[in-house]
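Read off the chains here:
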Amino acid sequence: MTAPEPATPRATDRPGDPSPFALGLLLRKAHWRAANVLTEALRPLGIELRHFAVLIVLVNRGPTVQRDLAAATGTDKAGVMRVVDDLERLGLAVRRTVPGDRRVRVVEITPQGLELFDAAHVSAGPLAERLISGLEPGEAEQLKTLLTRLAYQDDAS
């Protein structure tokens, strides 16, 4: 006895997968490739992607309360505390108490952290080019436009 054909195609991770999971699986695979490239760029600087994610928030928002860092990076509170501990130990960020509430800590990037942040961009440039080397002229910009619309579609409402 053979199993009946499924009503919808089963998800695979192969190109051309017609299942409803195809886009998510492709995005995950593309994320892994990009994360590997960025990890390679950050390694000589002595930090990891999780550190860089917090530095991005600090550069964009300025001093930020720890719990807001967790939400902004999609990390749990304990995980963000470990990252901030690492950044403090490396001299890339500092915690300060919030006047009027000794329990709340705000995290701020240091001048050394800003230098490293800028160095990471220089280091990542050639590697990012390698990431998109298989695309035709203009496709990288088109991909960024489409991914931006997909990632921020809820923010437009």
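Above: the structure in question.
Throughout what follows, the structure given in this document is the object of discussion. (Residues numbered from 1 in each chain as written. Predicted model: local features only at pLDDT ≥ 70, side-chain atom pairs only at ≥ 80, totals over all residues. Heavy atoms only, no water.)

**Side note on the overall build of the protein chain**
Stage number 1. A tally of regular secondary structure across the protein chain gives 6 helices and 3 strands.
Stage number 2. For a compact globule of 157 residues, the expected C-alpha radius of gyration is about 15 Å, and the protein chain comes in at 20 Å, more than 25% above that figure.
Stage number 3. Overall size of the protein chain, expressed as C-alpha extent along the three principal axes, is 70 × 35 × 35 Å.
Stage number 4. Of the contacts made within the protein chain by residues no fewer than 6 positions apart, 45% connect residues no fewer than 24 positions apart.
Stage number 5. Considering the protein chain, the positive charge centre built from 20 side chains and the negative charge centre built from 20 side chains are found 6 Å apart. (Helix = DSSP H or I, 4+ residues; strand = E, 2+ residues; numbered from the N terminus. Rg over C-alpha atoms; globule rule 2.2 N^0.38 Å. Contact = heavy atoms within 4.5 Å. Lys, Arg positive; Asp, Glu negative; His and termini not counted. Charge placed at Lys NZ, Arg CZ, Asp CG, Glu CD.)

**A few points about the layout of surface pockets**
Stage number 1. In this model, the largest pocket occupies a volume close to 1,700 Å³.
Stage number 2. If you go around the largest pocket, you meet 39 residues; those closest to its centre are Ala34, Leu38, Leu131, Lys144 and Leu147.
Stage number 3. Taken together, the elements giving at least two residues each to the lining of the largest pocket come down to α1 (22-42), α2 (49-61), α5 (111-131) and α6 (139-151).
Stage number 4. Take the lining of the largest pocket: its biggest share by element is 12 residues, from α1. (1 Å grid on protein atoms, 1.4 Å probe; cavity = no way out; pocket = protein on both sides within 12 Å on 5 of 7 lines; lining within 4 Å. Points joined across faces, edges and corners; volume = space filled by probe spheres on them.)

**Looking at a nonpolar patch on the surface**
Stage number 1. Taken together, the side chains of Leu23, Leu27, Leu135, Leu143, Leu147 and Leu150 present a nonpolar region at the surface, about 460 Å² in accessible area.
Stage number 2. A total of 3 residues in the nonpolar patch trace back to one element, the largest contributor, which is α6.
Stage number 3. Checked against the element boundaries, leucine 150 lands in helix α6.
Stage number 4. Residue classification places leucine 150 among the partly exposed positions, given a relative accessible area of 36%. (Patch = residues over 30% accessible without salt bridge, like charges linked within 9 Å, V, L, I, M, F, W, Y side chains within 5 Å. Areas by Shrake-Rupley, 256 points an atom, 1.4 Å probe, with all protein chains shown as cover. Salt bridge = Lys/Arg side-chain N within 4 Å of Asp/Glu carboxyl O. Buried < 20%, exposed > 50% of the residue type's maximum accessible area, 1.4 Å probe, protein only.)

**Some words on the packing of α2 against helix α3 (residues 66-73)**
The description of two packed helices rests on the angle between their axes and on the distance between the axes.
Stage number 1. Interhelical geometry of α2 versus α3 gives an angle of 115° and a closest axis separation of 10 Å. Taken as axis vectors, α2 and α3 run roughly perpendicular relative to one another. As for how α2 packs across α3, the hand of that crossing is right-handed. Residues Ala53, Val54, Val57, Leu58 and Arg61 of α2 lie in contact with α3, whose contacting residues are Asp68, Leu69, Ala72 and Thr73.
Stage number 2. When its residues are assigned to classes, the contact of α2 with α3 shows 6 nonpolar, 1 polar and 2 charged. (Axes fitted to C-alpha atoms, helices over the stretch in contact; angles between N-to-C directions. Parallel < 35°, antiparallel > 145°, perpendicular 65-115°, else oblique. Left-handed = near helix turned anticlockwise from the far one by under 90°. Nonpolar A, V, L, I, M, F, W, Y, C, P; charged D, E, K, R; others polar.)

**Section: the pairing of strand β2 (residues 93-98)**
Stage number 1. As paired elements, β2 and strand β3 (residues 101-109) share 6 bridges and run antiparallel to each other. Residue arginine 96 lies in a different strand from β3, and its bridge partner there is valine 106.
Stage number 2. Linking β2 to β3, which pair antiparallel, is a turn of 2 residues; within it glycine 100 sits at a positive phi near 95°. (Pairing = 2+ DSSP bridges.)

**Details of the pairing of β3**
Stage number 1. Bridge analysis of strand β1 (residues 64-65) against β3 gives 2 bridges, and the strand direction is antiparallel. Paired with threonine 64 across the bridge in β3 is valine 107.

**Considering the sheet that holds β3**
One key point about sheets: their strands pair by backbone hydrogen bonds, in either a parallel or an antiparallel sense.
Stage number 1. Read across the sheet, 3 strands follow the order β1-β3-β2 without closing on themselves; strand pairing throughout is antiparallel. Each end of this open sheet is capped by a strand with a single partner; those strands are β1 and β2.
Stage number 2. Helix-sheet contacts for α2 involve β1, β2 and β3, and the interaxial angle to β3 is about 95°.

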